[in-house]
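Read off the chains here:
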Amino acid sequence: TEDAIAQLEIYTDMKRRDTNALQQLAALYDAQATDAQNDAIEAQLEAQRHLFPESVAPPGQSRLREAIGGGPIADTVSAQASEQSSAAYQTMQAAYAKEAEVYRRLTTLVPDDPLLHLQLGQASQFAGDTNRAIAAYKRFLALAPDDPNAPVVRDELKRLQASRRSG
């Protein structure tokens, strides 16, 4: 995926109006983000495999508890899993940000395509860019108010606007 992304980035820098290549690039960033999300989940599950469940471990700081479910080994495994999960999450968010930028470029080239605005909204939302997500969702609804996705987008738009006001 990374090699294909690198090649398409070079190509789309030269052929800035090639919408097919830009859509392929956005799809690759989405795949990269999904892979990173899976890596984060896998790191968390790996930590759980190494840690004895809290409900079964004996109470207090006994040697038995340290051996099976607490103490420095468990703390180290938990810290490593947390670092791996955090790194994967950052990779995921960066990939979504790049995907959103590609969809922004696409909506500039094809401003009346509602699907592109929907995809821009989703990628922006996953990248943590609430303002851009809101704007893209509004544009999607303006272009396709009767689209089957419109009710879900309206609900998500309300949720994002509420979270922006409270945050």
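Quantities reported herein were computed from a predicted structural model and do not represent experimental measurements.

> Would you explain the packing of aromatic side chains in this entry?
Given two aromatic rings, one states the distance between the centres and the angle between the planes to describe the pair. According to the stated counting rule, one finds one aromatic pair in the structure shown. Measuring from centroid to centroid gives 4.9 Å for Tyr96 and Phe126, while their planes differ by 45°, and the two rings are tilted. Separated by 30 residues along the polypeptide, Tyr96 in helix H4 (residues 71-109) and Phe126 in helix H5 (residues 114-127) bring together distant segments of the chain. Exposure remark for Phe126: the relative accessible area of 46% places this residue in the partly exposed category.

> What is the right way to read the side chain of Glu99 from this model?
Mapped onto the elements of the fold, Glu99 is located in helix H4. Among residues more than four places away in sequence, those in contact with Glu99 are Ala26, Tyr29, Asp30 and Ala123.

> Is there a simple way to explain a nonpolar patch on the surface in this structure?
Together, Ile10, Tyr11 and Met14 give the surface a local cluster of nonpolar side chains, amounting to about 320 Å² of exposed area. For Met14, the position within the fold is in helix H1 (residues 2-14).

> Honestly, the side chain of Thr12 in this entry has me stumped. Any pointers?
With respect to the element layout, Thr12 can be found in helix H1. A polar side-chain atom of Thr12 sits 3.3 Å from the main-chain carbonyl oxygen of Glu9.

Calculation rules
Residues numbered from 1 in each chain as written. Predicted model: local features only at pLDDT ≥ 70, side-chain atom pairs only at ≥ 80, totals over all residues. Heavy atoms only, no water. Phe/Tyr/Trp six-rings, centres within 6.5 Å; stacked < 30°, edge-to-face > 60°. Helix = DSSP H or I, 4+ residues; strand = E, 2+ residues; numbered from the N terminus. Buried < 20%, exposed > 50% of the residue type's maximum accessible area, 1.4 Å probe, protein only. Contact = heavy atoms within 4.5 Å. Patch = residues over 30% accessible without salt bridge, like charges linked within 9 Å, V, L, I, M, F, W, Y side chains within 5 Å. Areas by Shrake-Rupley, 256 points an atom, 1.4 Å probe, with all protein chains shown as cover. Salt bridge = Lys/Arg side-chain N within 4 Å of Asp/Glu carboxyl O. Polar contact = N/O pair within 3.5 Å; in protein donor to acceptor, adjacent residues only side chain to side chain.

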